[in-house]
Amino acid sequence: MSVEIHVSDLIQLDRCLWEIPVSTRPDMRVPARIYASEALIEDFMQDRTVSQIMNVSTLPGIEKAAIVMPDGHEGYGFPIGGVAAFDINEGVVSPGGIGYDINCGVRLMFTPEKYENIRNKIPELTHEMTRMVPRGMGRGGPIKLSTDQINQVLMRGVEWAVEQGYAFEEDRIRMESNGKLPDADASFVSEQAKKRGHDQLGTLGAGNHFVEIGRVEQIFHTDAARAFGLFEDQVVIMIHTGSRGLGHQVATDYLRMFVKKLPEYGLNLPDRELACAPINSEDGVRYLKAMAAAANFAFCNRQVISWEVRKAWENVMKSPGDQVELLYDVAHNIAKRERHRVNSEEKELIVHRKGATRAFGPGHPEIPERYRKAGQPVLIPGSMGTGSFVLAGAESGMNQAFGSTCHGAGRKMSRRAAKREVDAQKLKKELASMGISVEAGSFAGLAEEAPAAYKDVELVVDTVHEAGLASKVALLRPAGVIKG
DNA sequence: ATGTAC
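Residues numbered from 1 in each chain as written. Chains lettered and ligands numbered in written order. Predicted model: local features only at pLDDT ≥ 70, side-chain atom pairs only at ≥ 80, totals over all residues. Heavy atoms only, no water.

**Section: the overall build of chain A**
Stage number 1. A tally of regular secondary structure across chain A gives 16 helices and 19 strands.
Stage number 2. Relative to the 2.2 N^0.38 estimate, which gives 23 Å for 484 residues, the radius of gyration of chain A is 21 Å and therefore close to what a compact globule would have.
Stage number 3. Taken along the three principal axes of its C-alpha coordinates, chain A extends 65 × 50 × 45 Å.
Stage number 4. Sorting the 484 residues of chain A into buried and exposed places 62% on the buried side.
Stage number 5. For chain A, restricting intrachain contacts to residue pairs at least 6 apart in sequence, the fraction spanning at least 24 positions comes to 76%. (Helix = DSSP H or I, 4+ residues; strand = E, 2+ residues; numbered from the N terminus. Rg over C-alpha atoms; globule rule 2.2 N^0.38 Å. Buried < 20%, exposed > 50% of the residue type's maximum accessible area, 1.4 Å probe, protein only. Contact = heavy atoms within 4.5 Å.)

**Regarding helix α4 (residues 122-132)**
Stage number 1. Buried within α4 are the following residues: Ile122, Leu125, Thr126, Glu128, Met129, Thr130 and Met132.
Stage number 2. Those residues of α4 that are buried lie in contact with α3 (115-118), β8 (210-219), β9 (234-241), α11 (282-317), β18 (437-439) and β19 (470-483).

**Some details on the protein's contact with DNA strand B**
Stage number 1. The environment of DNA strand B is made up of 18 residues, and the closest members are Met137, Arg196, Gly207, Asn208 and Arg415.
Stage number 2. Within the side chain of Gln192, an N or O atom sits 2.9 Å from a base oxygen of DNA strand B.
Stage number 3. In the model, a phosphate oxygen of DNA strand B is placed 3.0 Å from a nitrogen or oxygen of the Arg244 side chain.
Stage number 4. The leading source of residues in the surface near DNA strand B is helix α10 (residues 244-265), at five residues.
Stage number 5. Looking at the surface near DNA strand B, its residues break down into three nonpolar, 10 polar and five charged. (Near = heavy atom within 4 Å. Polar contact = N/O pair within 3.5 Å; in protein donor to acceptor, adjacent residues only side chain to side chain. Nonpolar A, V, L, I, M, F, W, Y, C, P; charged D, E, K, R; others polar.)

**Some thoughts on the pairing of β19**
Looking down a regular strand, the side chains alternate between one sheet face and the other.
Stage number 1. Within β19, 12 of the 14 residues are buried, which leaves it mostly tucked inside the rest of the structure.
Stage number 2. Sheet analysis places strand β16 (residues 388-393) next to β19, joined by six bridges and oriented antiparallel. Within β19, the residue paired with Val390 across the bridge is Ala474.
Stage number 3. As paired elements, β18 and β19 share three bridges and run parallel to each other. (Pairing = 2+ DSSP bridges.)

**Notes on the side chain of Thr241**
Stage number 1. Secondary-structure assignment places Thr241 in strand β9.
Stage number 2. Since its relative accessible area comes to 0%, Thr241 is described here as buried.
Stage number 3. Only 2.7 Å separates the side chain of Thr241 from the backbone oxygen of Leu204, close enough to count as a polar contact.
Stage number 4. Residues contacting Thr241, with those up to four places away along its chain left out, are Asn103, Cys104, Gly105, Thr203, Leu204, His209, Asn301, Arg302 and Ile305.

**Focus: empty space enclosed by the protein**
Stage number 1. For the structure on display, the rule yields one cavity of 30 Å³ or more.
Stage number 2. Looking at the largest cavity, its volume works out to about 30 Å³.
Stage number 3. Considering the residues around the largest cavity, the lining is formed by Glu212, Gly214, Val236, Met238, Ser388 and Leu476.
Stage number 4. Contributing elements (two or more residues each) for the lining of the largest cavity: β8 and β9.
Stage number 5. Of the residues in the lining of the largest cavity, the class split is three nonpolar, two polar and one charged. (1 Å grid on protein atoms, 1.4 Å probe; cavity = no way out; pocket = protein on both sides within 12 Å on 5 of 7 lines; lining within 4 Å. Points joined across faces, edges and corners; volume = space filled by probe spheres on them.)

**Things to note about the sheet that holds strand β1 (residues 11-14)**
Stage number 1. Taken in spatial order, the seven strands line up as β1-β2-β3-β4-β5-β13-β12 in an open sheet, and their pairing is mixed. At either margin of the open sheet sits one strand with a lone partner, and together these are β1 and β12 (333-342). The mean angle between the axes of side-by-side strands here comes to 25°, regardless of whether they run parallel or antiparallel.
Stage number 2. Note: β12 against strand β13 (residues 345-354), 10 bridges, orientation antiparallel. By the bridge assignment, Arg339 is partnered in β13 with Glu348.
Stage number 3. Contacts between helix α16 (residues 457-467) and the sheet are confined to β3 (32-35) and β4 (66-73), with β4 contributing the most and set at about 145° to the helix. (Axes fitted to C-alpha atoms, helices over the stretch in contact; angles between N-to-C directions.)

Structure (structure tokens):
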């Protein structure tokens, strides 16, 4: 079923919110909504994002609206930047609504140092982190896990890392879900997935994954910044990666199974890439448990990388690694069991966030106590060399978008197009002239990640701020980048 | 994103 949509067909509900009404297509169950400023809405007409979010709105058990964030663009089945919540009895769970890189996410660490005092150390720090953090497509690292060990990682998440000396207890409590999804069951993760993951803990991967040394350039919200431990010109370190080959294999395994069994589930979908299973079916439950296990692997992966980063800090700064403190760690490719108010009734839902970040408002019990008054810390990396944002979840986002916001700048040029149009050698020099040292795994990878291939993160963040999904707390500027 | 592919 295909209906061509133009900007003039969208109903502008608010300055940064557009709706495709449920009446637009006979199979839609709820409206589709796009968060975008006037400046960004035109981007959504360039690819299949709009028809994809309309497809999502047809899925059984979907609640309230199928939502796209301002960094949204076309993805596998569901758009990236998509949020969709489902009733646990009537609804479905879809790997395409989560993404191949299960629990791809971001963490931010902060140091006690001001940039102006250690700026001459940045190239050496960048280089040392490059040495300590294994990266690249398919690459493993020095840690080899036995099946028994990998099962521990999958079941216990960062509790395992604390026990093994890769994490402080204080790290664990400064993570979304405390670094552990309790629904995880390693027995539903295939041997092949475990094999792919066995040497990938503490590795960065490739694509848009990175470790970035930056500084706090601007503070927008003094109280929240103070609660988060941030001050002006502070040196910070951001890590972006996920569950590597393990999570990819979990997604592949269950997608294949779901596509094959759609008739058995009685599902007739507008796009096979939406392949899903009922949440209350045996297969749906198994996928949720395997996905949670892969998510735990990703939490541990970012934690072990933090440990490598702390070692690099020690080696270069001759200061203890525990000076580098975790601010927070967020998942932006995940489905979670959460309670939300729908039609003035609170109910349990499975919330899919694919390239979208949880952004719970002030006072929510799942926010670490030290941040609870300010709202959940939200970490939004921009494209390489531009800037990143720290936001705080806002109360009005809880009812609008199930407590969710954007996840990054959002790609606007395909990887192929970027490789064709960007001269990576030149880009590296340009970044260097801006005071940003880049250690790239490959020139092709660098070209794919060029700022020109992405939307303007400031426009994206201004949209979610204006829409009341999250509030701006701080702007970070990069100084050293390690690319996968 | 990912040992770009059963």
